[in-house]
Amino acid sequence: MKSSVPFVVLIALVVSRVQAFISIGGSGNTHVTITGHAVMAKIHEVCEAVAESEGRDFKPTGPSVEELLRACLGTATGKVSGAKFRTALNQIYKQNGLVDQDFMSSAPHHFNNEAFSEGRNLIIQGTAAIKANVRNDNFQSARETLGRVCHTLQDFYSHSNWVELGNKSPYANLIRPDLNIEKIADTAMPTCSDCASGTCPNQLLPAILNGKYLTSGYMGLFSPEKPQGKCSHGGETDLSSSQNPRGGISKDENHSYNANLHNNAVNLAAEATMELLEDIRGAIGNTNYLQLMGVARSAVLAFVIDTTGSMADDIAEAKRVAFDIIDSKKGTQDEPSEYILVPFNDPQFGPLIRTTDPDVMKSEISKITVHGGGDIPEMCLSALQLALTGAPSSSYIYVFTDAPAKDIHLKKTIIALIRSTKSTVSFILTASSRKRRALSASSQFKVYYDMALASGGQAIEVSKSSISQATDIIVDTSTSALVTILQCSRDPGRVENFPFLLDGSVSNTTIYITGTGLTFNLHSPTGVTQSNTVVNGPLGTIQKVGNLQRIQLKSTEMGLWYIDMTTTQPYTIKVMGQSTITFIYDFVEEFKGPHPGLAAIDGRPSTGSPAKLLLTLTGEKGPEAIELQEVALMEVSGVKVSIGTTEKIGNGDYLVTVNDVPKGEFVVMLKGKDKTFTSLFQRQTTTQMSQSKITIKAIADNSMLPGQVFKLNFTVTTNGTTGTYTINARNDKNIPMTHPSTLNLVSGGSAQGTVSLTPPGNTVSGTDVTLTIEAEGPGGSDSNYAVLRLSVLSKVTDFTPPKCEIVDVQGICYSSSCSSSNWEMSVNITDGNGTGVESISIQQGSGNFRKVEDGVIMVMGLYEASCCSTSVTLSAVDKVGNVGRCSYTMKSSAGSRLISMSLPLWASLLLYSFLCDAFPL
């Protein structure tokens, strides 16, 4: 089935709109734009192939990202939110932009200083890590690495003389581990002539051009020194450009003297990015490729379950609600795209069970049996740490327990992970009477309430007999396109009026109010009122279980609603619904250098500075159908609202600056207008944030090797108190590690430390390790954190791809009646002395492939298809990710038989148009 939007149009969009090799946030288009358009074009291509294989149409209703996503996910009923998709893409784009900040002076990351072999190694190693991560379902780590690899790959075309040498296609050797970089100019070889003006169209010496030697400009950020006769990068920040030969050969920006060279570099960078993405797609397959890009339903079902002896009833209820969600939402957009399960007791916790198969989730949750639990506290936070690092960002995670946490020392690590992942954690607490008496005197039990509040979740206390009513909230949130309209907390409680806007795009609105002894009234835009004592009233039905009151509105009336709280008891309020209008965000900071821009902050933003947010607004018809009116930071437990100034960047992206930042915990509130329904809307984040006088910076670009020590340097800076700062570092895989326990800092100063990790020798290649580094000031009054995702990657020695050979094609295809005829293709796939064939998949085509003879080194297979699907591409992948391909197109006839006999390979080559192409990922 063909799309209504030709693929060539998307390629043209890639080439025509990208104008500059600069970082995110700069003027014009950026590195991120080059990556973004290539990513979207490849997603379009893969979605089209998947639709063809499923026998359905692929017809986006418009040009927006959201409309592409809807068409790719198919015709299942339900709302489709672009938030998860945009979040996944932003994970790629953010890391791309960060290369200019974190690796500003690294020549290999930018192909400066003729560091061609080193730069290529970054690409090859990074690509291998991406494939290994995906094989282990570690998609976020793969995305982050992909962003960095794309940046380095694109810089080759801007910083080298590949374009000046007259090349019209990308340099395939950069992404092929079996090939080397050829003809690099020797260190002593002069490469450029002098250019006093700095605006010469081509400074390269004739010997370089005629000899087809590769060179690149030298970048002098801190010194003007460079080898004699060598080209400079050029530009104001390059000190070497003032040394003979002056000038520079960078094509980063479009100037009158280098316009053609710049445009050619842009085009080749875009094409090279497409080739890299195709490389990765071939290794991981279409389904995993789309998941890597965030093309998946937004709902995730994540359970963390206490398995001690008193939890039998809770486990049975968790099983019931999981089965109900799986069975009732199957085939809809509300069907979870991923299932997470983490059991725990004492002293065991885990393992993390993660699957996309609902039947596997059913099986795993059915296997849970109660055992252990001699003393009351359990390893709850250790299990929650696994869930937070294993689940996708912005997941809803539910913890079932009847005991306090034994591992209370992990509290700050969990809070850091909640803020980093923006996931929401809710606790279903069912303490028995014996445990309740013990807990009443335990301050440790309060940790669950703190974490629920920090994440925007609920801490629901219920009896074991009424737990089935409390789990309705899980059904509510296990759905697509979920948005938060209002969330606030008051402790101590006070009489207060809480307004919130409901717009025409919102459905299934539910209000959650937690607390004991609460009284309130709900008011609609038309003046209708319902009190908390009316269970089934004109506005909604109220269900009370434990400390939770759940109000389901009977209809979503557009306009301004109010909740009047008339109590002084502590309470939390949360208003949620389903809508495709939502937003994602990151706190960012500006950075300087050759390519200044904006970088996402990993941790809490700095006290004393304006808060900057990079915000993306998304809706069903794309950002053009939505008008942003106001963005503010709102105190969670107070009344302060700080409105920011908004700068439109384009494509739904906005830069927001808030000068008067609230002193305590705050959330982000957004208001705007939906042009489709001509109604006002509001949306709010659930994750709490606050500022800190401490910052932690840590950069990790290399993968860890099993059995070898990996050292990671970090820097702690403070504008707060002088003294001894406590350092904690933890990882979610319990890999042995060391780090300094303290650092001494003076106000306005910084200090460095090193974390050393040693993955066991048997660690599986592609394992994802989440490292959290925390720094706490004297007295514990201030702290901050950095969260890094590291990968363990075994050394790769097999660089040769499997060989795919077409040995026979048979069939009769008529153009007049394709559905009544079939064709078939026989192939031999061999891997010689390699690691062996691991998988064979149909990359394009709607037929079926089966193995006729299966082996590790050689596989004989048969592809069969209807004559309505005449093109096929098979991908054969070995155990380390090298890929070989067979592509073939069956030609239709007006009525003659095309072939009905087995032919030798040379005859097939003469008679038919096919491509058999093998290369490594």
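Computed from a predicted structure; not experimentally measured.

### A few points about the overall build of the protein chain
Across its full length, the protein chain holds 18 helices and 40 strands. Taken over the C-alpha trace, the protein chain has a radius of gyration of 29 Å; the compact-globule value for 921 residues is 29 Å, and the two agree within 12%. The C-alpha extent of the protein chain, read off along each of the three principal axes, is 85 × 75 × 60 Å. Residue burial in the protein chain is summarised as follows: out of 921 residues, 58% are buried. Counting contacts in the protein chain only where the partners sit at least 6 residues apart, residues at least 24 apart contribute 72% of the total. Taken as a whole, the protein chain presents about 35,000 Å² of accessible surface, with 51% of it coming from carbon and sulfur. Taking the average location of the 74 positive side-chain charges in the protein chain and that of its 85 negative ones, the two points are 3 Å from each other.

### Description of the pairing of strand β1 (residues 300–306)
The buried fraction of β1 is high, at 7 of 7 residues. The pairing of β1 with strand β2 (residues 338–344) spans 7 bridges and is classified as parallel. Residue pairing for β2: V300 is matched across the bridge by E338. Chirality of the crossover, the property in question, places the unit of β1, helix α10 (residues 312–328) and β2 among those that are right-handed. Bridging between β1 and strand β4 (residues 396–401) involves 4 bridges; their strand directions are parallel. Bridging from a neighbouring strand, V304 pairs with V399 of β4.

### Some remarks on the nonpolar core
Judged by nonpolar contacts, the single largest core of 61 residues is most densely connected at I43, L146, F156, Y157, L174 and M293. Broken down by secondary-structure element, the contributors of at least two residues to this core are α2 (31–53), α3 (65–73), α4 (83–102), α6 (116–135), α7 (139–159) and α9 (259–292). The dominant element in this core, judged by the number of residues it contributes, is α9, at 14 residues. Ignoring anything within four residues of it in the chain, the contact list for L174 reads F111, R120, I123, I124, L153, F156, Y157 and I181. Membership of the second largest hydrophobic core comes to 56 residues, among which are A454, L615, V631 and V661.

### What to know about α7
An α-helical turn contains 3.6 residues, so any two residues separated by three or four positions project in the same direction. For α7, with 21 residues, the first-to-last C-alpha span of 30 Å sits near the 30 Å given by 1.5 Å per residue. Among the 21 residues of α7, 21 are classified as buried, and the element is accordingly described as predominantly covered.

### Details of the packing of aromatic side chains
Each aromatic ring pair is characterised by the separation of its centres together with the angle its planes make. Tallied over the entire structure, the rule returns 16 aromatic pairs. Cluster of aromatic residues (ring-pair linked, three or more members): F111, F116, F156, Y157, W162 and Y171. One cation-aromatic arrangement involves K422 over Y585; the distance from NZ or CZ to the ring centre is 4.9 Å.

### A few points about the side chain of Q140
Within the secondary structure layout, Q140 lies in helix α7. Take Q140: its relative accessible area is 18%, and that puts it in the buried class. Side-chain polar atoms of Q140 contact the side chain of R789, separated by 3.4 Å. Filtering out sequence-adjacent residues up to four positions away, Q140 remains in contact with Q91, S393 and R789.

### What about the confidence of the model for the protein chain?
Averaged over all residues, the pLDDT of the protein chain is 88; the fraction at 70 or higher stands at 92%. Taken as a whole, residues 1–20 scores under 50 in pLDDT and shows 48 contacts with residues more than four places along the chain or in a different chain.

### Concerning the pattern of salt bridges
In the structure shown here, the tally under the stated rule is 37 salt bridges. In this structure, K367 engages E364 in a salt bridge whose closest nitrogen and oxygen atoms are separated by 3.4 Å. With a shortest N-O distance of 3.0 Å, D732 and K733 are connected by a salt bridge. D732 gets classed as buried once you look at its relative accessible area, which sits at 6%. Among the charged side chains, a salt-bridge network with shared partners connects K42, E45, E278, R281 and R885.

### Observations regarding the side chain of T770
With respect to the helices and strands, the residue T770 is situated in strand β31 (residues 767–776). T770 sits in the buried class, given a relative accessible area of 2%.

### Some points on the state of the cysteines
In a disulfide, the sulfur atoms of two cysteines are covalently bonded to one another. The final tally for this structure, using the stated rule, is 6 disulfides. Here C195 engages in a disulfide with C200; their sulfurs sit 2.1 Å apart. With the S-S dihedral at roughly 100°, the linkage between C195 and C200 falls on the right-handed side. Paired by a disulfide, C813 and C867 hold their sulfur atoms 1.9 Å apart. Disulfide C813-C867: the torsion about the S-S bond is -75°, which places it as left-handed. A residue pair is termed long-range when its members are at least 10 positions apart, and C813 in the loop between β33 (803–811) and β34 (822–830) and C867 in the loop between β37 (858–866) and β38 (871–878) qualify at 54 residues. There is no split in this pair, since C813 and C867 are both buried. Across the protein chain, the way the bonded cysteines pair up, counted in sequence order, is 1-2, 3-6, 4-5, 7-12, 8-10, 9-11.

The rules behind each value
Residues numbered from 1 in each chain as written. Predicted model: local features only at pLDDT ≥ 70, side-chain atom pairs only at ≥ 80, totals over all residues. Heavy atoms only, no water. Helix = DSSP H or I, 4+ residues; strand = E, 2+ residues; numbered from the N terminus. Rg over C-alpha atoms; globule rule 2.2 N^0.38 Å. Buried < 20%, exposed > 50% of the residue type's maximum accessible area, 1.4 Å probe, protein only. Contact = heavy atoms within 4.5 Å. Areas by Shrake-Rupley, 256 points an atom, 1.4 Å probe, with all protein chains shown as cover. Lys, Arg positive; Asp, Glu negative; His and termini not counted. Charge placed at Lys NZ, Arg CZ, Asp CG, Glu CD. Pairing = 2+ DSSP bridges. Right-handed = clockwise from strand over helix to strand, strands pointing away. Core = buried A, V, L, I, M, F, W, Y, C linked by side-chain atoms within 4.5 Å. Expected span 1.5 Å × (residues − 1). Phe/Tyr/Trp six-rings, centres within 6.5 Å; stacked < 30°, edge-to-face > 60°. Lys NZ or Arg CZ within 6 Å of the ring centre and 35° of its normal. Polar contact = N/O pair within 3.5 Å; in protein donor to acceptor, adjacent residues only side chain to side chain. pLDDT = per-residue confidence, 0-100. Salt bridge = Lys/Arg side-chain N within 4 Å of Asp/Glu carboxyl O. Disulfide = S-S within 2.5 Å.

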